[in-house]
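As a plain string of letters, each chain reads:
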Amino acid sequence: MAQTEPNLDHDVSWFLLPSYWAKMVVALISFLCFANSYDGDFVFDDSEAIINNKDLRAETPLGDLWHHDFWGSKLSSNTSHKSYRPLTVLTFRINYLFAGGFYPVGFHVINIILHCTISVLMVDVFSILLGGLQFTNKGRRLNLAPKTSLLAALLFAVHPVHTECVAGIVGRADLLCALFFLLSFLGYCKAFRENKEGHNFSIFWVLVSVILGAVAMLCKEQGITILGLNAVFDALVINKLNVLELIQKLLHKDKSLENAGLLRKGLLFRITLLMSGGASILYIRWRIMGTGPPAFTEVDNPASFADSLFVRAINYNYYYSLNAWLLLCPWWLCFDWSMGCIPLIKSVSDWRIIALAALWFCLIGLICQALCSEDSHKRRILTLGLGFLIIPFLPASNLFFRVGFVIAERVIYLPSIGYCILFTYGFSLLSRQAKKKKILAVAVLGILLINVMRCALRSSQWRSEEQLFRSALSVCPLNAKVHYNVGKNLADKGNQSAAIKYYREAVRLNPKYVHAMNNLGNILKERNELQEAEELLSLAVQIQPDFAAAWMNLGIVQNSLRRFEEAEQSYWTAIKHRKKYPDCYYNLGRLESEALFLKAIKANPNAASYHGNLAVLYHRWGNLDLAKKHYEVSLKLDPTAPGTKENYNLLRRKLEQLQKKGGA
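Attention in this report is confined to the structure presented alongside it. Note that the structure is a prediction, hence the values are computed from the model and not measured. (Residues numbered from 1 in each chain as written. Predicted model: local features only at pLDDT ≥ 70, side-chain atom pairs only at ≥ 80, totals over all residues. Heavy atoms only, no water.)

Glancing now at the state of the cysteines. Here the structure, examined in full by the defined rule, presents 1 disulfide. With a sulfur-sulfur separation of 1.9 Å, Cys341 is cross-linked through a disulfide to Cys476. One quick way to see it: the torsion about the S-S bond of Cys341 and Cys476 is about -45 degrees, and its sign makes the bridge left-handed. Of this pair, Cys341 sits in the loop between helix H12 (309–328) and helix H13 (353–372) while Cys476 sits in the loop between helix H17 (465–473) and helix H18 (480–492), and the two are 135 residues apart along the sequence. Neither Cys341 nor Cys476 differs from the other in exposure class; each is buried. Cys33 takes part in no disulfide bond, and the closest cysteine sulfur, belonging to Cys455, lies 4.3 Å away. Here Cys420 is not disulfide-linked; the sulfur of Cys455 is the nearest cysteine sulfur, at 12 Å. (Disulfide = S-S within 2.5 Å. Helix = DSSP H or I, 4+ residues; strand = E, 2+ residues; numbered from the N terminus. Buried < 20%, exposed > 50% of the residue type's maximum accessible area, 1.4 Å probe, protein only.)

And the structure:
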């Protein structure tokens, strides 16, 4: 079975390397792009998906992974993200067990190896997509586009938009999904190895492809789209189907559909296998996940909450244009694009409508060429390029269900395959027309070099949260979450004054940002600015009544203001919304013990033991001034109390040490 295609390499001035060396070059360059991320920290979402995920611990039964989401929550929970990726979590667990704890180096090394492996596989994938599928008599696949497949694989390997997937450990989900996605495609191609009849195919390899597609989906949801792409590839490359001709025959109810290629060589049977497998996989996943959709908030994806269908449609299309721009010009990259980073388009007078027009002008032009061109090779390349660009992106498009983000660079990992196909095909067309082909090749080489440097720079930014969060300030200055994360990072390092500035900006940008209010209120509480702290925390629980942490912190502030009954009510409200809340039970115990001691002292102010025990309580809490006061009252009432005198001396020494540090 010879599936020959015109030679795309003929007019291209590029490196011609044997397959082995081409793959070695791709592997080396992809490694160089992201090697400096190997010793990075756990950053951003890594904390929730790895450090705080109980599914990684040895004491958690392996069976729980199949009933929990990516973050370790039960899928049946109303708060579950519904992201079902048990195989990805399993690899995290293996990392954790082999490392003997949460050491990020091993996690990062696996991510880098995965990207290098995927980039190497891309050489084979692009050789098929660009050069066609042809086998020797011995069943060995031929590479009919060695130069362009190498170029496309290099473009993929060094694309800066992939940095989040490689340098961010949580990106493991996208990498594993891509690995099995490609293996599914290559497995499907093996079903058409040449045999004596020339028209038979291997049902075994078709079924293997379906199984690998299922594995890809168990790593990340996008993986299921490979089954649709395998069907498209079968129709266009194996059966050389003319889509426009088929549509015309269907519209005119032409009975000669077999001549149009629909039934040739078992196409309909194979598509039935693919679709049946895909439907079965989706049904099983739906049953495991439950019928309820994931719960997202307006700040996660504001366009999806817009009342107007027009506003939703316009903004979704604007998001698509921004994703396309990130593929074309991946210079402005950000770890998070939500919370006001991209203001909503609310009218057609908004100049950003131009981006939508440009996107659809290009897409319609490409689609017309893909359908109507007289060149069958051009039709197939453009359709495959558009297919690999669009189909893997569909789960993130908001068309079928609401997603929990505005833009996420990680979801462009698979669609970038389509971009690389279109870029490489465009380069071949330009090379055909250009008189000085070497100048064009040097320009493309320059693009690759710039991308390598951009990858290295972006990887270094992903090494620590401080660098990552600060890098986003210039890209998304309107993103409240960016300012919040910078502030949180500063607060964790003890720089409260700087943290306050960023928390205030986060609240200014998003007046309903309860987490920023809670953290800011905490810092103000520690700085004894209790009035403003109470106002912020009260507003936070008013906006989100089930925010347990804010209720507890409000109780602490009210306790400091000596409003014990209100504090007790706040603590109980926190416990109501979070049953397992040891910190809140501890604070409630502290409150009740202090209140009882004060009540006892009020009834009998001359009992030395009452004052002494209250002093110990304050001493443990770090409220040293009140501790000193009650120690002194206790000793005045009973100078011989040995325990009180010893504790008082310890307190005095501590106060002297603090005074010396302050003086220094």
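Anyway, onward from the coordinates.
The next subject is helix H19 (residues 496–509). Between its first and last C-alpha atoms H19 spans 20 Å; for 14 residues at 1.5 Å apiece the expected length is 20 Å, and the two agree. All of the buried residues in H19 are Ala499, Ile500, Tyr502, Tyr503, Ala506 and Val507. Residues of H19 that are buried sit in contact with H17, H18 and helix H20 (514–526). (Expected span 1.5 Å × (residues − 1). Contact = heavy atoms within 4.5 Å.)

Before going further, it helps to spend a moment on the nonpolar core. Of all hydrophobic cores here, the largest spans 164 residues; its most connected members are Phe126, Leu129, Phe185, Phe233 and Ile417. With 12 residues, helix H4 (residues 104–131) is the largest single contributor of residues to this core. With near-sequence residues (within four places) excluded, Phe126 lies in contact with Gly131, Ser149, Ala152, Ala153, Phe156, Ile417, Cys420 and Ile421. (Core = buried A, V, L, I, M, F, W, Y, C linked by side-chain atoms within 4.5 Å.)

Running from amino to carboxyl end, helix H7 (residues 172–190) crosses helix H9 (residues 225–238) at an angle of 30 degrees, the nearest separation of the two axes being 10 Å. Compared by their axis directions, H7 and H9 come out roughly parallel. The interaxial crossing formed by H7 with H9 has right-handed handedness. Where H7 approaches H9, its residues Phe181, Ser184, Phe185, Tyr188 and Cys189 are matched on the opposing element by Thr225, Ile226, Leu229, Asn230, Phe233 and Asp234. Taken together, the residues of the contact of H7 with H9 break down into 7 nonpolar, 3 polar and 1 charged. (Axes fitted to C-alpha atoms, helices over the stretch in contact; angles between N-to-C directions. Parallel < 35°, antiparallel > 145°, perpendicular 65-115°, else oblique. Left-handed = near helix turned anticlockwise from the far one by under 90°. Nonpolar A, V, L, I, M, F, W, Y, C, P; charged D, E, K, R; others polar.)

Nonpolar side chains collect at one region of the surface, where Trp325, Leu328, Trp331, Trp332, Leu449, Ile450 and Met453 lie side by side and expose about 810 Å² of accessible area between them. Sorting the residues of the nonpolar patch by element identifies H12 and helix H16 (437–461) as the ones contributing at least two each. Looking at the nonpolar patch element by element, the count peaks at 3 residues for H16. For Leu328, the location among the structural elements is in helix H12. Under the relative-accessibility criterion, Leu328 is labelled exposed at 56%. (Patch = residues over 30% accessible without salt bridge, like charges linked within 9 Å, V, L, I, M, F, W, Y side chains within 5 Å. Areas by Shrake-Rupley, 256 points an atom, 1.4 Å probe, with all protein chains shown as cover. Salt bridge = Lys/Arg side-chain N within 4 Å of Asp/Glu carboxyl O.)

Let us look at helix H15 (residues 416–433). In this model H15 runs 26 Å from its N-terminal to its C-terminal C-alpha over 18 residues, within 8% of the 26 Å that 1.5 Å per residue would give. Taken residue by residue, H15 has Ser416, Ile417, Gly418, Tyr419, Cys420, Ile421, Leu422, Thr424, Tyr425, Phe427, Ser428 and Ser431 as its buried positions.

Our focus in this paragraph is unusual backbone geometry. Despite not being glycine, Asn398 shows a phi value in the positive range, around 70 degrees. By the element assignment, Asn398 lies in the loop between helix H14 (376–390) and H15. For Asn398, a relative accessible area of 10% gives the class buried. If you check the backbone angles, Arg562 has positive phi at about 65 degrees while not being a glycine. Position of Arg562 relative to the elements: it lies in the loop between helix H22 (548–560) and helix H23 (564–577). Residue classification places Arg562 among the partly exposed residues on the basis of a relative accessible area of 39%.

Mapped onto the fold, Ser119 is located in helix H4. On the basis of relative accessibility, which here comes to 0%, the residue Ser119 falls in the buried class. Setting aside residues no more than four positions away along its own chain, Ser119 makes contact with Val26, Ser30, Ala153, Phe156 and Ala157.

A few words on the packing of helix H25 (residues 608–621) against helix H26 (residues 624–637). One can describe the packing of H25 onto H26 by two numbers: an axis separation of 8 Å at closest approach and a directional angle of 160 degrees. Between H25 and H26, the angle is such that the two are roughly antiparallel. Seen along the crossing, H25 lies across H26 with a hand that is left-handed. Contacts between H25 and H26 pair Ala608, His611, Gly612, Leu614, Ala615, Val616, Tyr618 and His619 from the former with Leu624, Leu626, Ala627, His630, Tyr631, Val633, Ser634 and Leu637 from the latter. In terms of residue class, the contact of H25 with H26 is built from 11 nonpolar, 5 polar and no charged.

The tally for this structure, following the rule as stated, stands at 20 salt bridges. A salt bridge links Arg352 to Asp350; its shortest N-O distance comes to 2.9 Å. In this structure, Arg563 and Glu534 form a salt bridge, with 2.0 Å as the shortest nitrogen-oxygen distance. You can see Arg563 sitting in the loop between H22 and H23 and its partner Glu534 sitting in helix H21 (residues 530–543), a full 29 residues away along the chain. If you follow the salt bridges from partner to partner, you end up with Lys23, Asp124 and Arg141 in one network.

The subject of this paragraph is the packing of aromatic side chains. Under the criterion given, the structure shown has 25 aromatic pairs. Seen in terms of ring centroids, Phe70 and Phe92 are 6.1 Å apart; in terms of plane orientation they differ by 45 degrees. Their pairing is tilted. On the criterion of sequence distance, the pair formed by Phe70 in the loop between helix H2 (46–51) and helix H3 (86–99) and Phe92 in helix H3 is long-range, its members being 22 residues apart. We classify Phe70 as buried; its relative accessible area is 0%. The class of Phe92 is buried, set by a relative accessible area of 0%. Ring centres 5.2 Å apart and planes at 75 degrees place the aromatic pair Phe156 and Tyr413 in the edge-to-face group. Highlighted residues: Phe156 in helix H5 (residues 146–157) and Tyr413 in the loop between H14 and H15, separated in sequence by 257 residues. (Phe/Tyr/Trp six-rings, centres within 6.5 Å; stacked < 30°, edge-to-face > 60°.)

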